[in-house]
Structures are given as C-alpha cells and as structure tokens.
Amino acid sequence: MDAFLNSLASGLIVGSLYAIMAMGLTILYGVSHVFNFAHGHVAVVAAYLVWFAAVRLGLALPVGVAAALLVMVVLALATYWGAIRGLLRRSEWGFGTLLFTLGLAILAEYALLELFGPRVKSVPAVLPGSVRLWFGRLALNDLFLITASVVLMVLVGAFLKRTLTGQAMRAVAQSLPGAQVVGIDIDRIYGATFIFAFVMTGLSGVLLGTKTYMTPHIGWEWMIKGFVIVAFGGLGSVPGAIVAAFLLGVVEALVTLYLGAIWIWPAWLVTFIVALWLRPQGILGGRST
Amino acid sequence: MSVLEVSDLAKRFGSLEALRGVSFAVEEGEVFGIAGPNGAGKSVLFACIAGFYRPSSGSIRLDGEEIVGLGPHQICHRGLVRTFQTPALFHSLSIRENVLIGARFGGAKEDRVEDILRFLDLERVAERRAVNLDLFTTKRVVLAAALATGCRVLLLDEPMAGFSFGEVERYLDLVAEIRRTCGVTILIIEHLLDVLIGVSDRMMILHHGQVLFSGPPDEVRRHQGVVDVYLGGGTGG
C-alpha cells in the first residue's frame, strides 16, 4: 500500500510538472494556432542554462533561473518577430511554422551538444533533504516542485483572467477578427503569448531538470509528451491540459511500479489512443484558454 | 464635411477583380446604405475600409487622413469599427466582459460600458456568458462592443440577416437611436432593400465590384441598371 501511495505521490508531482510544461504549448496553440515543435527543446535550453549558471559558474540558483528566463524572453521575441510573424502572413503558414519550429528544435539540440557535450546533467535540487510522511519519505524538493507547480497554475489563471494582456489573449483565442475590430493589436498579443509560452516552458524545464537527468536529446521526449498532453486535454484548452497531465503522470508512475519503466511509452500512447477513441476532441476540447 | 472618403478603390485577388474604381463619400452623422447582388464586392469593400484587406489601389480617407496600410486595430483607434455577418463574440467571457474588452482596447472610457449595456437593454443579461444567445441578443452584444470602443463610424455588415420582422423593426429603432444619441455615422450593408431604403439617407448599389448606383434612396427603384441586375422583374428587395 505504501509503495502504491508513494507512486501516486510521484505521479502527481511529475503530472504537475507536465502540466506546467503543457501550459505554454497549449496557450500558444490556442492563441496563435502555431504548434511549437521546439517546445521540448526550449525547456531543455532553459534547464541547461540554469545548470551552467549554478554548477559551472557557481551562481545562486535564483540568479541562474532569472538569467535563463531572461534568455527565454529574448528567444521568444526573436522567434516571433524574426520568423513566425512573417510565416503567418503566408498562405502555407501552418506548414511553414511546423518546419521552422522543427528546425529550431534540431538547432537547439545540436547547439547544446556542441556547447555542453553528451553527458547527462541535472539541475541542483532547490531543497535538499526529505520529510517522513505516513506512507514513506518524500523529498523536500518534490514538495517544492508540486507547490511551485500549483502556485504557477494559479498565477497563470489569474494572469489570463485579471490582466489586460491575459484578457486580450483569451479574446484573440476565441475570435481573431472580433479582437482586431475592437482595437487589439495582434502582433503585440502574439509577441506576448510567445514570451509567456517560452517563459512557462523554460520554467517547466528547470523544474523537470531537478527531478530527471537531461541530455541534449531529451527535448524530443518532452516535446512528444507535451504534444500528447495538449491533444489529450483538447487543443488550446488549459484546464484540459492540466487534467491530462495529472492523469498521464499518475499512469506513468503506476506503470513504472507494476510493470517497469520500459512500459512508460507504450502506456502513454495506449492511454492517449484510447482516450481519443472515446473522446476525439480531447478531455475538454473546444474550450480555448 | 465628409467623414469617410473612398476614391478609385480597387481590390484584386489574382485575376479576380473584386472592386473596380469604387468612389463615394459619407457625410458625418449620415446613414449610408450599401446593397448589391451576392458577390458584388460589398463585404470586400468593408474589409478594405476596416483594414482587413489592403486595397490593390485607390485611397480611403477617414477625417481627411489616409488609412490605407493601417491595421484593423489602428483604424479602430481612429474611430472606425466594423461588424461581421457572422457575429464575432468572445464566448468564454460574459456579455459585460465582451463590452469591456471593446472599451479597454478601443481606447474609450470604461464608465461608458454601463450606459451602453442599459441603452441596448443588455443590463439584465450582462453576467451571462456570451454563448448560446438568441440571434437578436448576439447582434446587440456585437453592437455594444463596437460602441464601447468610442467609434464615430460604424460599418454594419448584414446586421439583420436571420431576423424576424419584429426583430428587424427593433434593430432599426436601435440604429436610429444610435445615430441620434451617439452621433455615429453608419454604413450598412443589407439585402432587404425595403429596409435599407427606409433607414438610409443615401444609398449605393454595387455590381461586379463597381458602383452601379449612388444617390437618394427613393431613386433606387427607378434606376434602370438596378432594376436590370438587382431587382429583376419585381420591385422588392
């Protein structure tokens, strides 16, 4: 029973991290209809930057995180204003943005490989040590991760509902022409959405980096997981992505416990296929942001 | 003084000429009716004026200033807003929030919102989500969001499509009231010719992207070209 509860706790922690990771992806898709195939690599780049700042340069972790997020902002602006904005004005924008983001992912992967080498790395834990609970020991870092994830989800909800930019993002997601005619500047909102998505994705990468080992190639795995979560939850739906992330996190933990880690990917894909067979629009499909 | 001047406007999509040499001017406070057969270029004209399409050539002046090349949000900030045949609402937001979005991003004052909701009789339903509303309420929400931007020129694209006779009457009353109390200049595309003749100060009929008729509403039915291409044997709209 303790092993089951331990796995469940682990599944919820990983699920909360997947939820944060998928948020950037689903909001970006919901607002701009651009599916960022470099999403996993954006997360890895941020995690590697924090590792570099904290381990190589010996800087305090918060300084490393702040620097990495600043780089995410610059990357987001460069990606939107330097490439995506132009591609969205073309008739084959869907294919164009797909190829561009895939190219960006490959570029990021090999840049990391060149700069940091192929050896596995991890971001230092925020809180070392553990605490004893009734079902077993829980790492303090895991407690931090789930707390940080929940706080981030609440903050994102408040941002989308309460701020002017958040409201504009929701308006654009629901009716692009309707938003334009009431004075919303689409370029500014798309730019803000890219910043939001890159920062969220970067943060999720840093948090995941404290829990799992990273290599320059792990971005593909994170990208596929992000894609499955977003499609499973319903394209563009934030609540759907959160539910799907927790579900898949728990499935992953229980499959690891009872069948072994080798069955994680088949379990993800079977859950995904069965879910879409029963509900093709995803868990909460049709509800944007 | 003309609030909106369109000169020699053309819009081509490849080899298709959607608009050719369209020129007209709309005076301040006027209701300007636009009609024409399907495919005449009416909605393309609105899309060009509101900044959704860049014209192939020609000029569009709002208050004497050229607006060709500006985006829809910039044109909105200059006081011109359009509506769509298919209402563009924000479904996850309440009716009040839909109108607030218009005020916040259109650059107008938010304290106007309550007045606009009251004016369009939306106060009682203001907290409802803007989804699954009846058509008349939907069109009033669209109108409210447009007015909340503080616009001075309003382009209504077939606003009464799908209305019952009673709803058409009520909508026309609203248009007259908006014009009287808000001083808004209104351009309106409508297929119901009788309705358009009744509400407009001046009218324009488009055909194959060109101006077929421009003048007082009471002359429309006597214009031979309009009778030939639009009214046919009958006189109804």
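Residues numbered from 1 in each chain as written. Chains lettered and ligands numbered in written order. Predicted model: local features only at pLDDT ≥ 70, side-chain atom pairs only at ≥ 80, totals over all residues. Heavy atoms only, no water.

**Description of the overall build of chain B**
Along chain B, the regular secondary structure elements total 8 helices and 10 strands. For chain B, the proportion of its 237 residues judged to be buried stands at 53%. Long-range pairs, those at least 24 residues apart, make up 66% of the contacts in chain B with a sequence separation of at least 6. In the form shown here, chain B has an accessible surface area of approximately 10,100 Å², with 47% of it arising from carbon and sulfur atoms. (Helix = DSSP H or I, 4+ residues; strand = E, 2+ residues; numbered from the N terminus. Buried < 20%, exposed > 50% of the residue type's maximum accessible area, 1.4 Å probe, protein only. Contact = heavy atoms within 4.5 Å. Areas by Shrake-Rupley, 256 points an atom, 1.4 Å probe, with all protein chains shown as cover.)

**A closer look at the overall build of chain A**
Looking only at helices and strands, chain A features 11 helices and 2 strands. Mapped from its N terminus to its C terminus, chain A presents α and β elements in the order α-α-α-α-β-β-α-α-α-α-α-α-α. Scaling as 2.2 N^0.38, a compact globule of 289 residues should have a C-alpha radius of gyration of about 19 Å, and chain A matches this with 19 Å. Seen along its three principal axes, the alpha-carbon backbone of chain A occupies a region of about 55 × 50 × 35 Å. Across the 289 residues of chain A, 54% fall into the buried class. (Rg over C-alpha atoms; globule rule 2.2 N^0.38 Å.)

**So, a nonpolar patch on the surface**
Residues and elements named next belong to chain A. Taken together, L257, Y258, L259, I262 and W263 make up a surface patch of nonpolar side chains, about 600 Å² in accessible area. Within the secondary structure layout, I262 lies in the loop between helix 10 (238-258) and helix 11 (264-278). The exposed category is assigned to I262, whose relative accessible area is 72%. (Patch = residues over 30% accessible without salt bridge, like charges linked within 9 Å, V, L, I, M, F, W, Y side chains within 5 Å. Salt bridge = Lys/Arg side-chain N within 4 Å of Asp/Glu carboxyl O.)

**Details of the sheet that holds strand 4 (residues 57-62) of chain B**
Residue and element names in this part refer to chain B. As summarised here, the arrangement of the 4 strands in space is 2-1-4-5, forming an open sheet in which the pairing is antiparallel. At either end of the open sheet lies a strand with only one pairing partner, and these are strand 2 (16-27) and strand 5 (65-66). As defined by bridge partners, strand 4 adjoins strand 5 across 2 bridges and the pair is classed as antiparallel. Paired with R61 across the two strands is E66, which belongs to strand 5. (Pairing = 2+ DSSP bridges.)

**Section: the packing of helix 5 (residues 135-148) of chain B against helix 6 (residues 165-182) of chain B**
Residues and elements named next belong to chain B. Direction vectors running N to C along helix 5 and helix 6 enclose 10°, while the axes themselves pass 11 Å from each other. Relative to helix 6, the element helix 5 lies roughly parallel. From helix 5, F136, K139, R140, L143 and L147 reach across to helix 6, where they touch E167, R170, Y171, L174 and I178. Of the residues that constitute the contact of helix 5 with helix 6, the class distribution is 6 nonpolar, no polar and 4 charged. (Axes fitted to C-alpha atoms, helices over the stretch in contact; angles between N-to-C directions. Parallel < 35°, antiparallel > 145°, perpendicular 65-115°, else oblique. Nonpolar A, V, L, I, M, F, W, Y, C, P; charged D, E, K, R; others polar.)

**Re the pairing of strand 3 (residues 31-35) of chain B**
Residues and elements named next belong to chain B. Most of strand 3 is tucked away, with 5 of its 5 residues classed as buried. Where burial is concerned, the two faces of strand 3 agree: the one with V31, G33 and A35 and the one with F32 and I34 are both buried. Here strand 3 pairs with strand 8 (residues 185-189) via 4 bridges, running parallel. Across the sheet, the residue bridging to I34 is I189, located in strand 8. Where strand 3 lies against strand 9 (residues 202-207), 4 bridges are found, and the strand directions are parallel. Looking across to strand 9, one finds that I34 is bridged to M204.

**Considering the pattern of salt bridges**
In total, this model carries 17 salt bridges over all chains according to the counting rule given. E30(B) is the partner of R202(B) in a salt bridge, and the nearest nitrogen-oxygen pair spans 2.5 Å. Of this pair, R202(B) sits in strand 9 while E30(B) sits in the loop between strand 2 and strand 3, placing them 172 residues apart in sequence. Assessed through its relative accessible area of 24%, R202(B) is described here as partly exposed. With a closest N to O distance of 2.9 Å, E114(B) and R96(B) form a salt bridge. Linking E114(B) in helix 4 (residues 112-119) with R96(B) in helix 3 (residues 95-106), this pair joins segments that are 18 residues apart in sequence. Since its relative accessible area comes to 29%, E114(B) is described here as partly exposed. Look at the salt bridges and you will find they share partners, linking R85(A), R89(A) and D187(A) into a network.

**Let's talk about the interface of chain B and chain A**
Chain B puts 21 residues into the contact, and the matching count from chain A is 16 residues. Approximately 1,600 Å² of surface area, both sides summed, lies buried where chain B meets chain A, with 67% of it carried by carbon and sulfur atoms. Three residues stand out in chain B for area buried against chain A, namely H73(B), F90(B) and F105(B), and they jointly supply 37% of the buried area on that side. Remark: the boundary between chain B and chain A carries 0 salt bridges. Among the elements of the structure, helix 2 (72-77), strand 6 (80-82) and helix 3 of chain B are those that each provide at least two residues to the side of chain B that touches chain A. (Buried area = accessible area lost by both parts, 1.4 Å probe.)

**Comments concerning the side chain of H73(B)**
Within the secondary structure layout, H73(B) lies in helix 2. Look past the residues within four positions of H73(B) in its chain and what remains in contact with it is Q180(A), G183(A), I184(A) and D185(A).

**Re the sheet that holds strand 7 (residues 153-157) of chain B**
Residue and element names in this part refer to chain B. Strand order in the open sheet formed by 6 strands is 6-7-8-3-9-10, with mixed pairing between adjacent strands. At either end of the open sheet lies a strand with only one pairing partner, and these are strand 6 and strand 10 (210-215). Here the strands of the sheet are splayed against their neighbours by 15° on average, with no regard to which way each runs. Note that strand 9 and strand 10 share 5 bridges and pair antiparallel. Pairing of L206 across the sheet is with V211, part of strand 10.

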